[in-house]
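# Overview (structure and organization)
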Amino acid sequence: MSEHLLSVKNLHTSFTTDNGQVHAVNGVSFDLDAGKVLGIVGESGSGKSVTAYSIMQILAENGSITGGSIEYKGEDITKWNRKQMSSFRGKCCSIIFQDPMTSLNPVFSIGSQLQEAILLHTDKTKAEARERSIELLKLVGVNEPAKRIKQYPFELSGGMRQRVMIAMALACEPDILIADEPTTALDVTIQAQILELMQDLQKKLGMAIIMVTHDLGVIATMCDEIIVMYGGRVCERGTADHIFYEPAHEYTKGLLRSIPNVDNAKERLVPIAGNPINLLNMPAGCAFCSRCDKAMKICLEAVPAERPVGKDHLASCWLNDLALQEKAETLTAEGIPAEKIQEQTGWKKDGNGEWVYDLASSGQGGEVTFEQ
Amino acid sequence: MSSEYLIEVEHLKQYFPIRTGFVKTTPLKAVDDISFAIKPGETLGLVGESGCGKTTVGRTLLQLYRPTGGRVKYDGEVIFDAGDVPETDASGEVKLGSDGKPLLSKRLSVNMLPYRKKMQMVFQDPYSSLNPRMTVEDIIGEPLDVHKLYANKAERREKILNLMELVGLNAEHATRYAHEFSGGQRQRIGIARALAVDPRFIVCDEPVSALDVSIQAQVVNMFEDLQQKLGVAYLFIAHDLLVVNHISDRIAVMYLGKMMEMADSDELMNNPIHPYTQSLLSAVPLPDPKSARERQRIVLEGDVPSPLNMPSGCPFRTRCRYATEQCGAQRPALTDRGNGHMVACWNK
């Protein structure tokens, strides 16, 4: 088995607030290989940014990783101490934030902010660091880099600041670049420039990118693999083509129906009813059940397990489990042993020869029936 | 007096004085010579990058700012005239005075209060455009109070509840405060407030850009339903071209305070003529991986120039692939290229 560059397993992150524990991330798992672009998409409060911050361990003071592991080249970095983490940040993995206006320090020049990262993580001299920062600015397409390094963030436009942010992130040639809504604050024409730049750099330097965004257009343009998050859980994962052309989770389907497209511009949009969930008040079952028009009784009671719906395409929806009954039947006809079938589909035959769904296969006890 | 158009804007200008030296000020031409007209029940989309003046157009049109120049008409009546618009006769010819110079219009500025009942605005940020110390009932009721649109308290309450129902809020929400609502619901409150006076025209300034994708569709659908039900006209200002294309009958594209192109929305999306519109459309990330992989993006070089230091001639020429000497020498006028497709470009 080949080792993944980054492997997040059953990550739980929560925040202590005056109103109680907010479970922002509830068991997120994914693998990232070198040179791949992974997209994490979801609306505000879905836990996508917190997942990214958990990897970097730059959570707010009241937040902590409460479970699961994050393995970087096979080592669990959640067990690392501060010193190890600060060498991880920047060198192995760096992050670009949403708002280039506020994430640069206004009282230091561009050059000194760039050199800070280089001096911290390498044993270059000041003069070499200066050379390197000019080189980096050139790489991200900032004109007149020698002049720019003496300038302050307020002297640059939004697109230029985001380029400087990218240059800072790339200063130590990280293996992983996390981009947290990198183009949300920018205009479309500048967004196109930045996305183009990121694609170029990724090809040139071969790093892996985690793209965190709510913009399905950006996801479609940039990503090989996509994770759709809702309420701190992964509801669907697959390639870009899977997610956009064969969505298997009701939330993904709803999202795609609710955005206007060019081809069917004048058709009426189909919004997702209701409001985003309150993380303080999570339902026992599927996080999306209160807004889903196909919700069944089981959806309110138990969290669905992730089931394959195609090659490299998984979704967590009870409807998929329901559909697996047919597969269980064909497997029985093929003579596959009952335990194997139950493992794969969750379905087994009871004493009367009727198909029943066993919750135990999704990590929970009891048997259930599917009803509306 | 009534006319074909509900709102007519002619040569609208809005300059802001910016201090550029100890005593020196330079005019920032946020809106420079913009003309358009909106029919009753029609939606005109207004798009452009940040800083292009699209929000200023909306605010100046409603006279939240005092226009520097131009004329605004509501239903054929002049409600503002800066006295610098050349008078034209019925055939569209500019009338000349006895000294051979074009005859200019008369300065005029009317009391806007009666017109506020006809023209309203929905703001971008539902978090800062609602007073946190007022209940929903009072927020929606305030325009009713200002215009004295009710005889007694019971009627006021009834009107408010009707408005809340119209925008999909429950009656029990009336006594709550704005902070108790999610972004989508807050935007509904803002829309109910705008509808309270039964307007015929609403300026929607980026009404959905602060909302989540799944909520955005709810609000966009509501705008469309309200238009069908009440026949209001919208000036829909947004930077998301896919949303604007969805909701608008016609779209106008602005760049650095000037109108670059205006056409029916299908025509504009399928057959953009201005190089700026072309690159703007090609920059929109499509939520469709196959066409995203195939399509050729026209990525514009550089940034938008500072509006204080505008390029001569066509404002877009510094980033335009087709720019010629003529573009630097003279500003192209907005001309009709057939079927009401207006373009301001020297390129044929």
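Everything discussed here concerns the structure shown above.
Residues numbered from 1 in each chain as written. Chains lettered and ligands numbered in written order. Predicted model: local features only at pLDDT ≥ 70, side-chain atom pairs only at ≥ 80, totals over all residues. Heavy atoms only, no water.

A count of helical and extended segments in chain A gives 13 helices and 15 strands. Relative to a compact globule of 372 residues, whose C-alpha radius of gyration would be 21 Å, chain A shows 23 Å and is just as compact. In terms of its C-alpha atoms, chain A occupies a principal-axis envelope of roughly 80 × 50 × 45 Å. Nonlocal contacts in chain A, meaning residues at least 24 apart in sequence, comprise 62% of its contacts between residues at least 6 apart. For chain A, the exposed surface amounts to about 16,700 Å²; the carbon and sulfur share of it is 50%. Mean positive and mean negative side-chain charge positions of chain A (36 and 48 charges, respectively) differ by 7 Å. (Helix = DSSP H or I, 4+ residues; strand = E, 2+ residues; numbered from the N terminus. Rg over C-alpha atoms; globule rule 2.2 N^0.38 Å. Contact = heavy atoms within 4.5 Å. Areas by Shrake-Rupley, 256 points an atom, 1.4 Å probe, with all protein chains shown as cover. Lys, Arg positive; Asp, Glu negative; His and termini not counted. Charge placed at Lys NZ, Arg CZ, Asp CG, Glu CD.)

So, about the environment of Gln 296 of chain B. Residues and elements named next belong to chain B. The topology assignment puts Gln 296 in the loop between α10 (289-294) and α11 (325-329). A relative accessible area of 70% places Gln 296 in the exposed class. Separated by 13 residues in the primary sequence, Gln 296 and Ala 283 place their C-alpha atoms 9.6 Å from one another. (Buried < 20%, exposed > 50% of the residue type's maximum accessible area, 1.4 Å probe, protein only.)

This part takes up the packing of aromatic side chains. Residue and element names in this part refer to chain A. Within this structure, the stated rule accounts for 13 aromatic pairs over all chains. Residues Tyr 230 and Phe 288 carry aromatic rings whose centres are separated by 5.2 Å and whose planes lie at 80° to one another, so their mutual orientation is edge-to-face. Residue Tyr 230 is found in strand β9 (residues 225-230), and its partner Phe 288 is found in the loop between α10 (250-257) and α11 (297-301); the two are separated by 58 residues along the sequence. Of the two residues, Tyr 230 and Phe 288, neither departs from the other in class, the shared state being buried. (Phe/Tyr/Trp six-rings, centres within 6.5 Å; stacked < 30°, edge-to-face > 60°.)

Residue and element names in this part refer to chain B. Assignment of secondary structure puts Asn 111 in the loop between β6 (108-109) and α2 (113-116). Look at Asn 111 and you get exposed, because its relative accessible area is 56%. In this structure, the C-alpha to C-alpha distance between Asn 111 and Ser 306, residues 195 residues apart in sequence, is 35 Å. A distance of 3.2 Å separates a polar atom in the side chain of Asn 111 from the backbone nitrogen of Leu 113. (Polar contact = N/O pair within 3.5 Å; in protein donor to acceptor, adjacent residues only side chain to side chain.)

Pairing between the strands of a sheet is mediated by backbone hydrogen bonds and can be parallel or antiparallel. Residues and elements named next belong to chain B. In space, the five strands of this open sheet follow the order β2-β1-β4-β5-β6, with antiparallel pairing throughout. Each end of this open sheet is capped by a strand with a single partner; those strands are β2 (25-38) and β6. The pairing of strand β4 (residues 69-74) with strand β5 (residues 77-81) spans four bridges and is antiparallel. For Val 72, the partnering residue across the bridge sits in β5 and is Phe 80. (Pairing = 2+ DSSP bridges.)

So, on to the pairing of β9 of chain A. All names here are of chain A. Counting buried positions along β9 gives five out of six residues, so the element sits mostly inside the fold. When strand β3 (residues 37-41) meets β9, the two strands line up parallel, connected through four bridges. Counterpart to Gly 39 in the pairing with β9 is Ile 226. Relative to strand β10 (residues 233-239), β9 is paired through six bridges, and the arrangement is antiparallel. Within the sheet, the bridge partner assigned to Met 229 lies in β10 and is Val 234. Counting the residues between successive antiparallel strands, the hairpin from β9 to β10 contains two residues, one of them, Gly 231, with a positive phi of roughly 55°.

Residues and elements named next belong to chain A. The contact between helix α12 (residues 318-333) and helix α13 (residues 338-345) brings their axes to 10 Å, and the two run at 155°. By the criterion of interaxial angle, the relationship of α12 to α13 is roughly antiparallel. For the pair α12 and α13, the crossing hand works out as right-handed. Across the interface between the two elements, Asp 321, Leu 324, Lys 327, Ala 328, Leu 331 and Thr 332 of α12 pack against Ile 341, Gln 344 and Thr 345 of α13. Of the residues contributing to the contact of α12 with α13, the split by class is four nonpolar, three polar and two charged. (Axes fitted to C-alpha atoms, helices over the stretch in contact; angles between N-to-C directions. Parallel < 35°, antiparallel > 145°, perpendicular 65-115°, else oblique. Left-handed = near helix turned anticlockwise from the far one by under 90°. Nonpolar A, V, L, I, M, F, W, Y, C, P; charged D, E, K, R; others polar.)

Attention now moves to helix α3 (residues 136-147) of chain B. Residue and element names in this part refer to chain B. Listed as buried for α3 are Val 136, Glu 137, Ile 139, Ile 140, Gly 141, Pro 143, Leu 144 and His 147. Tucked into the core, α3 has its buried residues touching α2, α4 (153-166) and α5 (183-195). One or two positions beyond α3, positive phi appears at Lys 148, with a value near 50°.

Turning our eyes to something else, we now look at the packing of helix α4 (residues 126-139) of chain A against helix α6 (residues 158-170) of chain A. Packed helices, taken two at a time, are described by the angle their axes make and the gap between the axes. All names here are of chain A. For the pair α4 and α6, the least separation of the axes is 9 Å and the interaxial angle reads 125°. If you check the angle between α4 and α6, you find them oblique. For the element pair α4 and α6, the recorded crossing hand is right-handed. Between α4, through Arg 132, Leu 136, Leu 137 and Leu 139, and α6, the contact on the second element is made entirely by Val 164, Ala 167 and Leu 170. Among the residues forming the contact of α4 with α6, the class breakdown is six nonpolar, no polar and one charged.

Everything listed here is a matter of geometry and, on its own, says nothing about what the molecule does.
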